[in-house]
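Next come the chains, spelled out residue by residue.
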Amino acid sequence: MTEFVTTTPAALFAAEVVRKLQTAGYVAYWAGGCVRDLLRGETPEDYDVATSAAPDEVRHLFGKRRTLAIGAAFGVILVRGQPGEGDVEVATFRTEGPYKDGRRPDRVAFCTAEEDAVRRDFTINGMFFDPLTQRVMDYVGGEADLRSGIVRAIGDPVARFEEDKLRMLRAVRMTARFGFQLDEPTARAVTAHAASITVVSRERVAQELKKMLLNERRVVALTLARDLGLLRVLFPDWPTESIDAWQPVLARLSRLVSPGFPLALASLWHDLAPEVVHDLGRGLRLSNDEIGQTVWLVAEAARTHGVADWSLARQKRLLAEPGANDLIALVRAGREAQGQPTDDADFLARRQREWTAGEINPSPLISGQDLIAAGLRPGPRFKALLEALRDAQLNGEIGTPESAIDLARTWIAGNLRGV
Ligand code: ATP
Ligand code: MG
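Presented here is an overview of the structure given in this document. (Residues numbered from 1 in each chain as written. Chains lettered and ligands numbered in written order. Predicted model: local features only at pLDDT ≥ 70, side-chain atom pairs only at ≥ 80, totals over all residues. Heavy atoms only, no water.)

## Quick word on the overall build of the chain
Item 1. Of the regular secondary structure elements, the chain holds 22 helices and eleven strands.
Item 2. Computed over the C-alpha atoms, the radius of gyration of the chain is 28 Å, more than 25% above the 22 Å expected from 2.2 N^0.38 for a compact globule of 419 residues.
Item 3. Taken along its principal axes, the extent of the C-alpha atoms in the chain is 90 × 50 × 40 Å.
Item 4. Counting all 419 residues of the chain, 48% fall into the buried class.
Item 5. Relative to all contacts within the chain whose residues are 6 or more apart in sequence, the contacts with residues 24 or more apart total 63%.
Item 6. Carbon together with sulfur atoms contributes 50% to the accessible area of the chain, which is approximately 20,200 Å² in total.
Item 7. Averaging the positions of the 53 positive and the 57 negative side-chain charges in the chain gives two centres separated by 3 Å. (Helix = DSSP H or I, 4+ residues; strand = E, 2+ residues; numbered from the N terminus. Rg over C-alpha atoms; globule rule 2.2 N^0.38 Å. Buried < 20%, exposed > 50% of the residue type's maximum accessible area, 1.4 Å probe, protein only. Contact = heavy atoms within 4.5 Å. Areas by Shrake-Rupley, 256 points an atom, 1.4 Å probe, with all protein chains shown as cover. Lys, Arg positive; Asp, Glu negative; His and termini not counted. Charge placed at Lys NZ, Arg CZ, Asp CG, Glu CD.)

In structure tokens, the structure reads:
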């Protein structure tokens, strides 16, 4: 029998949780994703335990202070480890009652391990593992599907997606993440239910989308989501159906190396108006920060042409932005996707290498206070004056506070530059 690597602090702690439950007379196993990952030879991110012990029995066994009732209604108790060990979610074996809303079960009932296995989503996610005996408990054919690389709904796929529409996105994400095939009947059931993905909360959709995009196989995930008809339902204002609109999306996305979420989104929505991108981000209930970064990238990418002819000030102001690296990557991917030269991206990247941080974003030569101290009268145009002086500084036209004040006086005297 294969021995699984279960010697990390998190694994040792999760095994200890199982041992304690078993010693107290309960059935307890590792369950779900961590079993799948172990069988794939990967180190699980976290360990979930499934047990015959009821939630209050779990709390009693581990003590109130070390536990947290995070999903008491569903029988989930968090058992907290020492720093470095992580926490373990201990869930009582459960079956789920009817799903009236396609999102969450109306009630749960505690049950056996086998019944708990069949309420899980996919066969590869439906296995248990006893870390003490190193035995796999597989009631759903998960091992075989893991070996053949298949994501398959447990039971009747149509019924399973009817119960919980989020599983459609999970199917896409799991299939892409592991480079698996989506089982045919399971895929057909997604297509049949794609229109109802809208009942899933937008936060959860966003979470799934984010996980898909942060994963290396992001192109596979997006392709599958589109092919199954999910994208057009989720994003009616983003034309994904026409191949002319879609092909550059994939071309851009495939050229990004480990993009963050905003950059990945900006590569998808690159050809849309910034206002539309803003609304798409709002629609997904993204944070203001994520929306702001994404919109900024799309808007700036559309403006980033002929940068070598820009003033030094404009170049420097752009490179001083926190999203500058992402912007360069986006502009490059955009040009490559269209078969255009990448000079703009190359130019900005070279400037960024050659200039020091102090050259790109030097301390201002003077402040508004300095102007007032020099006898200039404060007024509504002060801000514009300071910005113009900043440009002059970045352009290398002035280098000292005195020259800045002289220039300000000249401008005011001649009413130059509208100041
Ligand atoms: P990841 O590595 O992304 O966390 P995971 O399989 O552990 O993958 P979780 O969301 O942590 O995914 O869920 C843990 C387990 O709970 C799954 O492996 C699966 O058995 C079950 N599960 C999660 N979501 C659902 C769902 N929507 N329907 C049925 N079972 C689910
Ligand atoms: Mg998990």
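The discussion continues.
## A closer look at the packing of helix α10 (residues 218-227) against helix α12 (residues 243-255)
Item 1. In contact at an axis separation of 9 Å, α10 and α12 are set at 160° when each is read in the N-to-C sense. As judged from the angle between their axes, α10 and α12 are roughly antiparallel. Seen along the crossing, α10 lies across α12 with a hand that is right-handed. Mapping the contact onto sequence places R218, V219, L222, T223 and R226 in α10 and I243, W246, L250, L253 and S254 in α12.
Item 2. When the residues that make up the contact of α10 with α12 are grouped by side-chain class, the tally is six nonpolar, two polar and two charged. (Axes fitted to C-alpha atoms, helices over the stretch in contact; angles between N-to-C directions. Parallel < 35°, antiparallel > 145°, perpendicular 65-115°, else oblique. Left-handed = near helix turned anticlockwise from the far one by under 90°. Nonpolar A, V, L, I, M, F, W, Y, C, P; charged D, E, K, R; others polar.)

## Section: the nonpolar core
Item 1. In terms of nonpolar packing, the biggest core is built from 98 residues, with W30, W238 and W269 touching the most fellow members.
Item 2. Ranked by residues supplied to this core, first place goes to helix α7 (residues 166-178) with eight residues.
Item 3. Dropping the residues within four chain positions of it, W269 is found in contact with F235, W238, V277, L280, G281, L284, T294 and V298.
Item 4. Core analysis: the next-biggest nonpolar cluster, separate from the first, contains 14 residues, I366, F382, I398 and I405 among them. (Core = buried A, V, L, I, M, F, W, Y, C linked by side-chain atoms within 4.5 Å.)

The values are spatial; any link to function lies outside them.
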